[in-house]
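Observations on the model geometry
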Amino acid sequence: MTEKLVIIGNGMAPGRMLEHLLEKAPGRYEVTIFNAEPRVNYDRIMLSPVLSGEKDYEEIIIHGDGWYIKHGITLYKGHRIVSIDRDQRTVTSDHGVTESYDRLVIATGSVPFILPVPGHDMRGVITYRDLDDVQAMLLAAQSREKAVVIGGGLLGLEAAAGLAGRGMDVTVLHVMPTLMDRQLDPAAGYLLQKELEGRGIKIICKANTKAIVGNGKVEGIELDDGRVIPATLVVMAVGIRPSVGLAKEAGLAVNRGIVVDNGMQTSDGRIWALGECAEVDGMVYGLVAPLYEMARVAASHLAGERSATFVHSDTPTKLKVTGIELFSLGDFADGDDREEIVLRDAAAGVYKRLVLKGNRIIGTVLYGETADGAWFNDLKKKETDISDMRQTLIFGQGYQGGAPLDPMAAVAALPDDAEICGCNGVCKGKIVSAIADKGLTSLDDVRAHTKASASCGSCTGLVEQLMTLTLGEGYSPAAVQPMCGCTDLGHDDVRRLIKAKGLKTIPAVMQELEWKTSCGCAKCRPALNYYLVCDFPDEYADDYQSRFINERVHANIQKDGTYSVVPRMWGGVTNSGELRAIADVVDKFEIPLVKVTGGQRIDLLGIEKEDLPAVWADLGKAGFISGQAYAKGLRTVKTCVGSDWCRFGTQDSTGLGIRIEKFMWGSWTPAKLKMAVSGCPRNCAEATCKDIGVICVDSGFEIHFAGAAGLDIKGTEVLGLVKTEDEALEHIVALTQMYREQARYLERIYKWAKRIGLEEIRRQIMEDVDKRKAYYDRFVFSQKFAQVDPWSERVSGKDKHEFRPMATVGYPEAAE
Amino acid sequence: MNWFAIGNIADIPLRGARCVKTPQGKIAVFRTAENEVFAIEDHCPHKGGPLSQGIVHAKAVTCPLHNWVISLETGKALGADEGAVKTIALRNDDGALFIALESLMMAAE
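This section reports on the structure supplied with the text. These numbers come from a predicted model, not from an experiment.

Next up on the list: the overall build of chain B. For chain B, the count of helices and strands is 1 helix and 10 strands. Secondary structure elements of chain B occur, N-terminal to C-terminal, as β-β-β-β-β-β-β-β-β-β-α.

What follows deals with the overall build of chain A. Helix and strand counts for chain A come out as 26 helices and 40 strands. The proportion of buried residues among the 816 residues of chain A is 44%. Restricting the contact set of chain A to residue pairs at least 6 apart, pairs at least 24 apart contribute 62%.

Quick look at the sheet that holds strand β15 (residues 209-214) of chain A now. Residue and element names in this part refer to chain A. The 3 strands are arranged β15-β16-β17 in an open sheet whose pairing can be described as antiparallel. Of all the strands in the sheet, just β15 and β17 (228-230) have a single pairing partner and so form its edges. When strand polarity is set aside, the average angle formed by the axes of neighbouring strands in this sheet is 25°. Relative to β17, strand β16 (residues 218-223) is paired through 3 bridges, and the arrangement is antiparallel.

Moving on to unusual backbone geometry. All names here are of chain A. Its identity as a non-glycine residue notwithstanding, K206 has a phi of 50°, on the positive side. Position of K206 relative to the elements: it lies in the loop between β14 (202-204) and β15. On the neighbour-count criterion, K206 (12 C-beta atoms within 10 Å) is exposed. In this model, H554 sits at a positive phi of 60°, which is unusual for a non-glycine residue. On the secondary structure map, H554 appears in the loop between α17 (549-553) and β29 (556-557).

The next point concerns the interface of chain A and chain B. Taken together, the contact pairs 23 residues of chain A with 32 residues of chain B. A class-by-class count of the residues in the side of chain A that touches chain B yields 12 nonpolar, 9 polar and 2 charged. Of the strand pairs in this sheet, strand β40 (residues 807-808) of chain A and strand β2 (residues 16-22) of chain B are connected by 2 bridges, and their pairing is parallel. Within the sheet, the bridge partner assigned to T808 of chain A lies in β2 of chain B and is K21 of chain B.

Further remarks concern the sheet that holds strand β7 (residues 90-93) of chain A. Residues and elements named next belong to chain A. Spatially, the 3 strands line up as an open sheet ordered β6-β7-β8, and their pairing is antiparallel. One side of each edge strand has no neighbouring strand; the edge strands of this open sheet are β6 (81-85) and β8 (98-100). Between one strand axis and the next, the sheet turns by 20° as a mean value, whatever way the strands run. Of the pairings in the sheet, the one linking β6 to β7 comprises 4 bridges and is antiparallel in character. Bridged to I84 within β7 is V91.

Another point: helix α5 (residues 154-165) of chain A. Residue and element names in this part refer to chain A. When the terminal C-alpha atoms of α5 are compared, their 17 Å separation across 12 residues agrees well with the 16 Å that a helix rising 1.5 Å per residue should span. Within α5, burial applies to L154, L155, G156, L157, E158, A159, A160, A161, G162, L163 and A164. Following α5 by one or two positions, G167 has its phi on the positive side, about 100°.

Next up on the list: the environment of G48 of chain B. Residues and elements named next belong to chain B. Take G48: it is sitting in the loop between β4 (37-41) and β5 (55-57). Accessibility expressed as a C-beta count within 10 Å gives 15 for G48, which makes it partly exposed. Taking C-alpha positions, G48 is 8.7 Å from L65, a pair spaced 17 residues apart along the chain.

So, on to the pairing of strand β10 (residues 96-101) of chain B. Residues and elements named next belong to chain B. Alternating positions in β10 separate cleanly, L97, I99 and L101 being buried on one face and A96, F98 and A100 remaining unburied on the opposite face. The pairing of strand β9 (residues 90-93) with β10 spans 4 bridges and is classified as antiparallel. What sits directly across from L90, in β10, is I99. Linking two consecutive strands that pair antiparallel, namely β9 and β10, is a turn of 2 residues; a positive phi of about 60° is found at D94 within it.

With that settled, the discussion passes to the nonpolar core. Residue and element names in this part refer to chain A. Counting residues in hydrophobic clusters, the biggest one holds 133 residues, and the most contacted among them are V234, V235, I258, A273, L274 and A298. Examining the composition of this core, we find that 9 residues originate from one element, helix α8 (residues 288-302), more than from any other. Ignoring any residue separated from it by four or fewer positions in sequence, one finds V235 in contact with I126, Y128, M137, A147, V149 and A159. Formed by 76 residues, the second largest nonpolar core is a distinct cluster that contains M483, V494, Y531 and F548.

All names here are of chain A. Closest axis-to-axis distance for the helix α18 (residues 576-588)/helix α19 (residues 612-621) pair is 9 Å, and the angle between their directions is 155°. On the basis of the axis angle, α18 is roughly antiparallel to α19. Every pair of crossing elements has a handedness; the one defined by α18 and α19 is right-handed. Contacts between α18 and α19 involve A581, D584, V585 and K588 on the former and, on the latter, V615, D618 and L619. Grouping the amino acids of the contact of α18 with α19 by side-chain chemistry returns 4 nonpolar, no polar and 3 charged.

Criteria and cut-off values
- Residues numbered from 1 in each chain as written.
- Chains lettered and ligands numbered in written order.
- Predicted model: local features only at pLDDT ≥ 70, side-chain atom pairs only at ≥ 80, totals over all residues.
- Helix = DSSP H or I, 4+ residues; strand = E, 2+ residues; numbered from the N terminus.
- Buried ≥ 20, exposed ≤ 12 C-beta atoms within 10 Å, placed from the backbone.
- Contact = placed C-beta atoms within 7 Å.
- Pairing = 2+ DSSP bridges.
- Axes fitted to C-alpha atoms, helices over the stretch in contact; angles between N-to-C directions.
- Nonpolar A, V, L, I, M, F, W, Y, C, P; charged D, E, K, R; others polar.
- Expected span 1.5 Å × (residues − 1).
- Core = buried A, V, L, I, M, F, W, Y, C linked by C-beta atoms within 7 Å.
- Parallel < 35°, antiparallel > 145°, perpendicular 65-115°, else oblique.
- Left-handed = near helix turned anticlockwise from the far one by under 90°.

The values are spatial; any link to function lies outside them.
Shown next, in the form of structure tokens:
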């Protein structure tokens, strides 16, 4: 006979409990859930990404409506339980629904703590707890006005970062001297504060809120030192309190939370409690890992397995703000019986601190670089004696036993019981065996079967490394992302197969690799065309119909259908003859706009397509060739005036820039390639934000790469220092060829470098002479076919049809 | 309706397009990989991009300005986008191509 199970609350803990219960004892209970929120079960941890716009609500749903139907569960949405009658064994909702139970689970969670200051009930004061709060914040953010977040803890900072990202002017008020004082020591708290301030968030620590001021609606906050901070939105994120009112009224034992034993049973043998509202051994919890542990224990008991017990464990904390790496675990207070090991790298913004007691790790704070968090967590959990590796412990696992290992080795070296996913308590062995036993090949599969990386997602990288480790070459994270809807293969697989099978035309690729469409689409065709041009420069006949219009007509299409034309100006150097020719062309063709570009050359905008060949003919007479300002290929090499003119110049940067440009023009690359050469570290040519850059110094040429100054802003990485111009050219060319051969179409060099690893690139280009030479030779070979000026080709009649209408019809004949 | 000769199918590259100027605006004439020919307004319903300059794939073209994909058969935007361009009647007599224009427009001037 089925028993009646009623659950009050539908958050993450009861959701997880039901999953376990349905697995352990399917059909044992008739389940009814009352959810005070008017919706299904969703991943509350991911509210911050929803606030910041990185995810949609739909993406964070754990159980959709279909799940409840499938399992025959009755879900009352928007029903708040107002009373429990333990004698009659019934619960009653605020909408008057009464339901009887055999077993009852209370999972009422917590309520945000509201500072009882004057004005706390005004319009514009909200908390950060559920989706409704997020929606209220998003609505307020549209005003782009001022917001104050009270509370510099985990939630408060995530709210602040989200609101700032949405364009609000945000101030965080924190009562303690440093941010996140419960998870971070003051040094890490300081680094975090600097990082957030760098993002435009104002932070006031030791701030005591005296009152919220306004006239029915928030206008500002008054601190007890008299300062008033204007705001139209106030978010209270000062902490949470277990929601225990209902249990208390029902006469259950209640302390800070609802008191339960280590089997999650309350003082009433028919009633269990779990989640943030429950108190075990005097502790209440707010992080998801212990709550999931409660869910597991409660499910076992409800399924009749009475032996399961809840055991306390420390949970690492992470902040979900994109770009901030932060890890905190255990106890890190100072003390007489404690020692600590600290590493600081101010320039890189890295801070690491290990707290030791009796040669064992009891606490860890990592900021800026958190890759070793899992390892430290493991050492702490196992209480490993670290005396033998004390000298190198702080550098992380890769540095134990001599030379640094590759990042994969660190994951490989982790023991099977090392925890990978903190939220769901999944260890390495479980993931590896699930991959092997169930034949899992995608990240989604692994998430579905093990839950690893399925909650906050911050261990996704580790899980992917485990997949690579287990599946070998068969798994690359990219394989998950197909090139486009025409194929299931990712870019890397396609590139590999093109070479392996010697596929030399687009139809051959589509045929052999089983394309799902007849002739591809606007995404895959340009990519395939590039891969073939790159791999078979001598044999492959460029497919112009697979090129984007700009590369087909060698000019840049503008919003009105006219084109712009940029002639090459080697290294940004020009002369009176060239300028006169440009001036004449502008007059002759009545070109509406002449503009100097960021790449040190001149853009002629607003040219009719039909005029292009004639414009090029005139420019060609003055010696100009196409600047390829439209190409996924070499664009410009920007230079400063260097040692010829500049009193600070150390080398002939202009000459080197021109030499590089003359050597490399015409080459196609996965995405546009912009370079610069600066004659001294003052860097007037801005070489340190380019795809490839050179900084001249007295001792030679420092080669930089992987910078960005577009959608992303990123300083370059140093490839290495070489002594002569010849060497500089060889290294740059080899690097470019490596990028040409390995990157995915439209992947800029900085993204490729991040994927491949800077060390690997340095090894191949700086250290492996044979490899470098081979790359160099392949580039030089390819240039034999690439260095043809597309403009002069078209002046001589190539692709004539492109620049003429097919016909002109419908006009009166007499007009002639 | 009047039929106007616009040239031969061989004047258009395979998986390519040409445009025809008319008093009613430009018309884009497409030739697919399968040698089918279609004519539509050369004016994307989104922001007016010249569709004749796009990449042609199957019986569709991707606009060069913002990647809307327009069906050559129906003139309608495919995928999530909504909008349509006018399709123009086209006759293919053994490679000789004709498009139909409304005579009304021609009488002008």
